[in-house]
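# Coordinates in review
Each chain is listed here by its residues.
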Amino acid sequence: MVETSTGNREELLSDLFATLWRTSFCEKIIKELCKSRITYTQFEVLRYIERHPFSSIGELAHALKISYPSATNISSRLAHKGLIYKTGTYPDKRIAHLEISPQGREIVLKVVAERKRRLMEVFELLDDDDRLNMLDTIHRFIIAASKANIAEPVDLCRSCGPDRYEDCPLLKTGESHECG
């Protein structure tokens, strides 16, 4: 039996939300749309490369907080599947730059569009006040997570550049952050 104290409620709800997000809005969509062609981690690599063309494997490893050998292995698998291109640089061919292929970009766009569709389906079941309250709470939660040093704005940034959302919570974290 779950206790009803505030701490246990927060723990339960946060665990349920994290599981819901990861499974229903990430892993299930990828599995359904990609026919087990890629994993969740491989999808995250595709998204990073799509947003940061010509990144090095070291930059990829740093951004996704994975080891260099893991980044090398994942990028090699994605290149073998034709989802990214790995190009060496002159004069050191050991330094590879990564670029998403049209097939890789198609996967990213399909998954993102389906995620948005499912989110809109859920939001349509909420009344206007609940929807606005939820979005406002998420906005404040992102700022608080950054201020508590749980999340760095640079790690969360979607690199939207000049088209950025003017009220982006990452710009309100107290750190000097510019969208790339």
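Quick note: structure is the one above.
Residues numbered from 1 in each chain as written. Predicted model: local features only at pLDDT ≥ 70, side-chain atom pairs only at ≥ 80, totals over all residues. Heavy atoms only, no water.

### Comments concerning the overall build of the protein chain
Along the backbone of the protein chain there are 7 helices and 3 strands. Starting at the N terminus, the α and β elements of the protein chain follow one another as α-α-β-α-α-β-β-α-α-α. For the protein chain, the proportion of its 180 residues judged to be buried stands at 28%. Sequence separation of 24 or more characterises 50% of the internal contacts of the protein chain that already satisfy a separation of 6 or more. Total accessible area computed for the protein chain in this model is approximately 12100 Å², and 57% of it derives from carbon and sulfur atoms. (Helix = DSSP H or I, 4+ residues; strand = E, 2+ residues; numbered from the N terminus. Buried < 20%, exposed > 50% of the residue type's maximum accessible area, 1.4 Å probe, protein only. Contact = heavy atoms within 4.5 Å. Areas by Shrake-Rupley, 256 points an atom, 1.4 Å probe, with all protein chains shown as cover.)

### Details of the pattern of salt bridges
This structure, assessed with the given rule, holds 8 salt bridges. A salt bridge links Arg118 to Glu32; the nearest nitrogen and oxygen atoms lie 2.4 Å apart. Of this pair, Arg118 sits in helix 5 (residues 102–124) while Glu32 sits in helix 1 (residues 6–34), and the two are 86 residues apart along the sequence. Taking relative accessible area as the criterion, Glu32 reaches 41% and is therefore assigned partly exposed. Measuring nitrogen to oxygen at the nearest pair gives 2.8 Å for the salt bridge that ties Arg117 to Glu121. Separated by 4 residues within a single helix, Arg117 and Glu121 lie in helix 5, roughly one turn from each other. Classification of Arg117 as partly exposed rests on a relative accessible area of 43%. (Salt bridge = Lys/Arg side-chain N within 4 Å of Asp/Glu carboxyl O.)

### A few points about a nonpolar patch on the surface
Taken together, Leu12, Leu13 and Leu16 make up a surface patch of nonpolar side chains, about 260 Å² in accessible area. Note on placement: Leu12 falls in helix 1. Take Leu12: its relative accessible area is 36%, and that puts it in the partly exposed class. (Patch = residues over 30% accessible without salt bridge, like charges linked within 9 Å, V, L, I, M, F, W, Y side chains within 5 Å.)

### So, the nonpolar core
Ile38, Phe43, Leu46, Leu78, Ile107 and Val111 are the most contacted members of the largest nonpolar core, which has 23 residues in total. Top contributing element to this core by residue count: helix 2 (residues 40–51), with 5 residues. With near-sequence residues (within four places) excluded, Leu46 lies in contact with Ile38, Leu78, Leu83, Ile84, Ile100, Gly104, Ile107 and Val108. (Core = buried A, V, L, I, M, F, W, Y, C linked by side-chain atoms within 4.5 Å.)

### Some remarks on helix 3 (residues 57–64)
Of all the residues in helix 3, the buried ones are Ile57, Leu60 and Ala61. Seen along its axis, helix 3 keeps its buried residues to an arc of 95°; they face one direction. Residues of helix 3 that are buried in the fold lie against helix 2, strand 1 (55–56), helix 4 (68–80), strand 2 (84–88) and strand 3 (96–100). Among the residues trailing helix 3, Lys65 stands out with phi positive, at a value near 55°. (Arc of directions from axis to C-beta.)

### A short note on the packing of aromatic side chains
By the definition in use, this model includes 1 aromatic pair. Considering the side-chain rings of Trp21 and Phe25, the 5.0 Å spacing of their centres and the 20° angle between planes classify their relative orientation as stacked. Linking Trp21 with Phe25, this pair stays in helix 1, spanning 4 residues, or about one helical turn. For Trp21, a relative accessible area of 30% translates into the label partly exposed. Relative accessible area serves as the criterion here: at 7%, Phe25 is assigned to the buried category. (Phe/Tyr/Trp six-rings, centres within 6.5 Å; stacked < 30°, edge-to-face > 60°.)

Interpretation in functional terms is not warranted from these geometric data alone.
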